[in-house]
Amino acid sequence: MNLKFISSIVHPKDSPRTGLPEFAFIGRSNVGKSSLINMLAGRRSLAKTSSSPGKTRTINHYLEEEMLFYLVDLPGYGYARLSKVEKAKLEQIINAYIMKSQALRCTFVLVDARHEALRQDAEFMSWMIRNDQPFVILFTKTDKLSKAERKNLESNYLKGMQAYIPHFMPGMIVTSAETREGKKEIEDLIKEMMPT
Ligand SMILES: Nc1nc2c(ncn2[C@@H]2O[C@H](COP(=O)(O)OP(=O)(O)OP(=O)(O)O)[C@@H](O)[C@H]2O)c(=O)[nH]1
Ligand SMILES: [Mg+2]
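Residues numbered from 1 in each chain as written. Chains lettered and ligands numbered in written order. Predicted model: local features only at pLDDT ≥ 70, side-chain atom pairs only at ≥ 80, totals over all residues. Heavy atoms only, no water.

**As for the overall build of the chain**
Part 1 of the argument: A tally of helices and strands in the chain yields five helices and seven strands.
Part 2 of the argument: Listing each helix as α and each strand as β along the chain from the N terminus yields β-β-α-β-β-α-β-α-β-α-β-α.
Part 3 of the argument: For the chain, whose C-alpha radius of gyration is 16 Å, the value lies close to the compact-globule estimate of 16 Å for 196 residues.
Part 4 of the argument: Overall, the C-alpha framework of the chain stretches about 45 × 35 × 35 Å when taken along its three principal axes.
Part 5 of the argument: Expressed as a percentage of contacts within the chain between residues at least 6 apart in sequence, the contacts between residues at least 24 apart total 74%.
Part 6 of the argument: Entry remark: accessible area of the chain is about 10,500 Å², with carbon and sulfur atoms responsible for 48%.
Part 7 of the argument: One way to put it: in the chain the 29 positive side-chain charges average out to a point 5 Å from where the 22 negative ones average out. (Helix = DSSP H or I, 4+ residues; strand = E, 2+ residues; numbered from the N terminus. Rg over C-alpha atoms; globule rule 2.2 N^0.38 Å. Contact = heavy atoms within 4.5 Å. Areas by Shrake-Rupley, 256 points an atom, 1.4 Å probe, with all protein chains shown as cover. Lys, Arg positive; Asp, Glu negative; His and termini not counted. Charge placed at Lys NZ, Arg CZ, Asp CG, Glu CD.)

Written out as structure tokens, the structure is:
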């Protein structure tokens, strides 16, 4: 993808007003949102990444200059070390963006492939379902899985999530920012969701 950094904002109302479709990246802090955007861009440091959680604190728009859509890098949720006030502030940014963006086509909810189904992710996805917000799960860091873990990833995760959300059956894509697994699947999905 030919991605160009456009803006870094705190208030969703300051989003670009071009009306171009937006695809957002959300998930727990440190799950690999910014790294995945870099992987899609084929660039190392378009989006800032960090091994310590809580790196992204703003809503960041990247424009795909040929197909004309935005990828939107959001702050992570659930970073335990933040103060209550700071956590609430980030949650407010995320929720306001998702509820208010007119151009948001689909949200990619990133989940670390090494973790079991987590309550925090279940709560976020329940909230998305209640608000009729379409999303697809992207498993991240799958380069760190053994063959056996990789094989059972989707079915194990679904089973775990269904304990929180009955009949849970979202779209899922397996990715790695290291090996670039999942790049084509994400690109194809975005193409499918572009207005014609
Ligand atoms: N092995 C491996 N490491 C990854 C992968 N994706 C991300 N990482 C590492 O995970 C850490 C966090 O990555 P980020 O992309 O900054 O995560 P983030 O979700 O944007 O984090 P916040 O902005 O803090 O919410 C970094 O040390 C990355 O190098 C991956 O696919 N494989
Ligand atoms: Mg980030």
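**A few points about the site of ligand 1**
Part 1 of the argument: Surveying the vicinity of ligand 1 reveals 21 residues, the closest of which are Lys 33, Ser 35, Lys 55, Asp 143 and Ala 177.
Part 2 of the argument: Between ligand 1 and the protein, one listed contact pairs an oxygen atom with a backbone N or O atom of Gly 32 at 2.9 Å.
Part 3 of the argument: Lys 141 places a side-chain nitrogen or oxygen 3.0 Å from an oxygen atom of ligand 1.
Part 4 of the argument: In isolation ligand 1 has 660 Å² of accessible area, and contact with the protein removes 88% of it. (Near = heavy atom within 4 Å. Polar contact = N/O pair within 3.5 Å; in protein donor to acceptor, adjacent residues only side chain to side chain.)

**A word on the packing of aromatic side chains**
Part 1 of the argument: Counted by the stated rule, this structure contains eight aromatic pairs.
Part 2 of the argument: Note on Tyr 77 and Phe 124: the rings are 4.9 Å apart at their centroids and 25° apart in plane angle, and the pair reads as stacked. One end of the pair, Tyr 77, is in the loop between strand 4 (69-73) and helix 2 (84-100); the other, Phe 124, is in helix 3 (residues 119-130), and 47 residues separate them in sequence.
Part 3 of the argument: What makes Phe 124 buried here is its relative accessible area of 8%. (Phe/Tyr/Trp six-rings, centres within 6.5 Å; stacked < 30°, edge-to-face > 60°. Buried < 20%, exposed > 50% of the residue type's maximum accessible area, 1.4 Å probe, protein only.)

**Structural notes on unusual backbone geometry**
For residues other than glycine, phi is negative in most cases, and the peptide bonds are mostly trans.
Part 1 of the argument: Positive phi, close to 55°, is recorded for Asp 132, a residue that is not glycine.
Part 2 of the argument: Along the chain, Asp 132 turns up in the loop between helix 3 and strand 6 (135-140).
Part 3 of the argument: For Arg 180, which is not a glycine, the phi torsion comes out positive at approximately 70°.
Part 4 of the argument: For Arg 180, the position within the fold is in the loop between strand 7 (171-174) and helix 5 (183-193).

**Remarks on the packing of helix 2 against helix 3**
Part 1 of the argument: Direction vectors running N to C along helix 2 and helix 3 enclose 25°, while the axes themselves pass 12 Å from each other. Compared by their axis directions, helix 2 and helix 3 come out roughly parallel. As helix 2 runs across helix 3, the sense of the crossing is right-handed. Facing helix 2, whose interface residues are Ile 94, Asn 95, Ile 98 and Met 99, helix 3 presents Phe 124, Trp 127 and Met 128. (Axes fitted to C-alpha atoms, helices over the stretch in contact; angles between N-to-C directions. Parallel < 35°, antiparallel > 145°, perpendicular 65-115°, else oblique. Left-handed = near helix turned anticlockwise from the far one by under 90°.)

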